[in-house]
Amino acid sequence: QVQLVESGGGLVQAGGSLRLSCVVSARTFRTYGMGWFRQTPGKEREFVATISSTDHTYYADSVKGRFTISRDNAKNTVYLQMNSLKFEHTAVYYCAADTRGYGSEAATYEYWGQGTQVTVSS
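Residues numbered from 1 in each chain as written. Predicted model: local features only at pLDDT ≥ 70, side-chain atom pairs only at ≥ 80, totals over all residues. Heavy atoms only, no water.

1. Points about the overall build of the protein chain
Assigned secondary structure in the protein chain consists of 0 helices and 11 strands. Mapped from its N terminus to its C terminus, the protein chain presents α and β elements in the order β-β-β-β-β-β-β-β-β-β-β. Relative to the globule expectation of 14 Å for 122 residues, the C-alpha radius of gyration of the protein chain, 13 Å, shows essentially globular dimensions. Along the first, second and third principal axes, the C-alpha atoms of the protein chain reach 40 × 30 × 25 Å. The contacts of the protein chain with a sequence gap of at least 6 include a subset with a gap of at least 24, amounting to 56%. As presented, the protein chain carries roughly 6400 Å² of accessible surface, and 47% of it is formed by carbon and sulfur atoms. Charge-centre separation for the protein chain: the mean point of 12 positive side chains lies 5 Å from the mean point of 10 negative side chains. (Helix = DSSP H or I, 4+ residues; strand = E, 2+ residues; numbered from the N terminus. Rg over C-alpha atoms; globule rule 2.2 N^0.38 Å. Contact = heavy atoms within 4.5 Å. Areas by Shrake-Rupley, 256 points an atom, 1.4 Å probe, with all protein chains shown as cover. Lys, Arg positive; Asp, Glu negative; His and termini not counted. Charge placed at Lys NZ, Arg CZ, Asp CG, Glu CD.)

2. Concerning unusual backbone geometry
The backbone of aspartate 55 sits at a positive phi, close to 70 degrees, despite the residue not being glycine. Positive phi, normally seen in glycine, also occurs at asparagine 76, with a value near 50 degrees. Locating asparagine 76 in the fold gives a position in the loop between β7 (67-72) and β8 (77-82).

3. Considering the pattern of salt bridges
In this structure the tally under the stated criterion is 3 salt bridges. Among the ionic pairs, glutamate 110 bridges to arginine 100, the shortest N-O distance being 3.6 Å. Residue glutamate 110 is located in the loop between β9 (91-98) and β10 (111-112), and its partner arginine 100 is located in the loop between β9 and β10; the two are separated by 10 residues in the primary sequence. Here arginine 100 falls in the exposed class, since its relative accessible area comes to 65%. (Salt bridge = Lys/Arg side-chain N within 4 Å of Asp/Glu carboxyl O. Buried < 20%, exposed > 50% of the residue type's maximum accessible area, 1.4 Å probe, protein only.)

Right, dumping it as structure tokens:
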């Protein structure tokens, strides 16, 4: 069973930075596409960023130039560096694994972490 464990969330002031991490318990991690999504109460889960097994990346327009997704296959870990945070970035952030590709559609991801809360104070 593939497990994903996120960490790095917390409370930060507007303008600050956070780096989220997601460790994946899978020997074939390097072949997975990985994604970050976020959700706020009463809203659907929203795509943030994705990275392919060959390090191609794609971002939601709302985070381009502000967030960076990366991966370290030696550590089975995917990261989300978030800079210049705003109040509207407050959400629970989830990482997800796609064993067949990568992309912005949550439905294509087979495995999900439990989420980590990011709270940005204005």
